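Residue strings, one per chain:
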Amino acid sequence: MLPQPVLIIGTYDANGVANAMNAAWGGTWDMHEIVISMGVHATTDNLKLNNGEFTVAFATSDTMIASDFVGIVSAKNEPKKIEKTGWKSEKAPNVNAPLFKDFPMTMECRIKQRLDESETGFYLIAEVVNILCDEKYLNAEGNPDVEKMGLIAYEPVNHKYMEFGKVVGDAFACGKALK
């Protein structure tokens, strides 16, 4: 699938220390649900401790280096992982997980189901409990404005991060020209 989202999953460990990992294999599952393919990570251990509560932030060009870092370094081996990113965090308002303030938009999530669990991981289906968006990234109607955020996507063929570009059309509208 091209491109893939760059999702930053935030959890707390057993000592209440914030952790994050980078995941690209995720997407929409249903109207208010997401799916993420999870391997075996410190994050998967943390999800068991926190009743499956976590946050998902969308990486940006401004957070790209630190976002890549949390994807290549495990909290199991680097206890100061989040400290090294420079990210500021606070407890999310609706779930027991960290909210990293450096990202324009974050979803608060709770696992509803785990699919195909094995020793190598599982697929998690999660309910989106709440969406938090910094006001400076909202449009005139009060909705998140993706163009303002500088969101990035992962291009897996060449292992590159790509920044989202400009709007080129209106969904559910531009095709009407062919009616």
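Residues numbered from 1 in each chain as written. Predicted model: local features only at pLDDT ≥ 70, side-chain atom pairs only at ≥ 80, totals over all residues. Heavy atoms only, no water.

**With respect to the overall build of the protein**
Secondary structure summary: the protein contains four helices and twelve strands in total. Relative to the 2.2 N^0.38 estimate, which gives 16 Å for 179 residues, the radius of gyration of the protein is 17 Å and therefore close to what a compact globule would have. Expressed along its principal axes, the backbone C-alpha trace of the protein runs to roughly 55 × 35 × 35 Å. Evaluated residue by residue, the protein yields a buried proportion of 41% over its 179 residues. Look at the contacts in the protein between residues 6 or more apart in sequence, and 56% of them connect residues 24 or more apart. Of the roughly 10,600 Å² of accessible surface on the protein, 53% is carried by carbon and sulfur atoms. (Helix = DSSP H or I, 4+ residues; strand = E, 2+ residues; numbered from the N terminus. Rg over C-alpha atoms; globule rule 2.2 N^0.38 Å. Buried < 20%, exposed > 50% of the residue type's maximum accessible area, 1.4 Å probe, protein only. Contact = heavy atoms within 4.5 Å. Areas by Shrake-Rupley, 256 points an atom, 1.4 Å probe, with all protein chains shown as cover.)

**Digging into the pattern of salt bridges**
Taken as a whole and judged by the stated rule, the model has six salt bridges. In this structure, the salt-bridge partner of arginine 110 is glutamate 53, at a minimum N-O distance of 2.9 Å. Placement of arginine 110 in strand 9 (residues 105-118) and of glutamate 53 in strand 6 (residues 53-58) is noted, with a sequence separation of 57 residues between them. Linking glutamate 78 and lysine 84 is a salt bridge whose minimum nitrogen-to-oxygen distance equals 3.2 Å. Take glutamate 78: its relative accessible area is 18%, and that puts it in the buried class. (Salt bridge = Lys/Arg side-chain N within 4 Å of Asp/Glu carboxyl O.)

**Structural notes on the environment of tyrosine 12**
Within the secondary structure, tyrosine 12 sits in strand 2 (residues 7-12). Tyrosine 12 sits 37 residues away from leucine 49 along the chain, and the two C-alpha atoms are 8.3 Å apart. Ignoring any residue separated from it by four or fewer positions in sequence, one finds tyrosine 12 in contact with Val17, Ala18, Asn46, Asn50, Glu90, Lys91, Asn96, Ala97 and Pro98.

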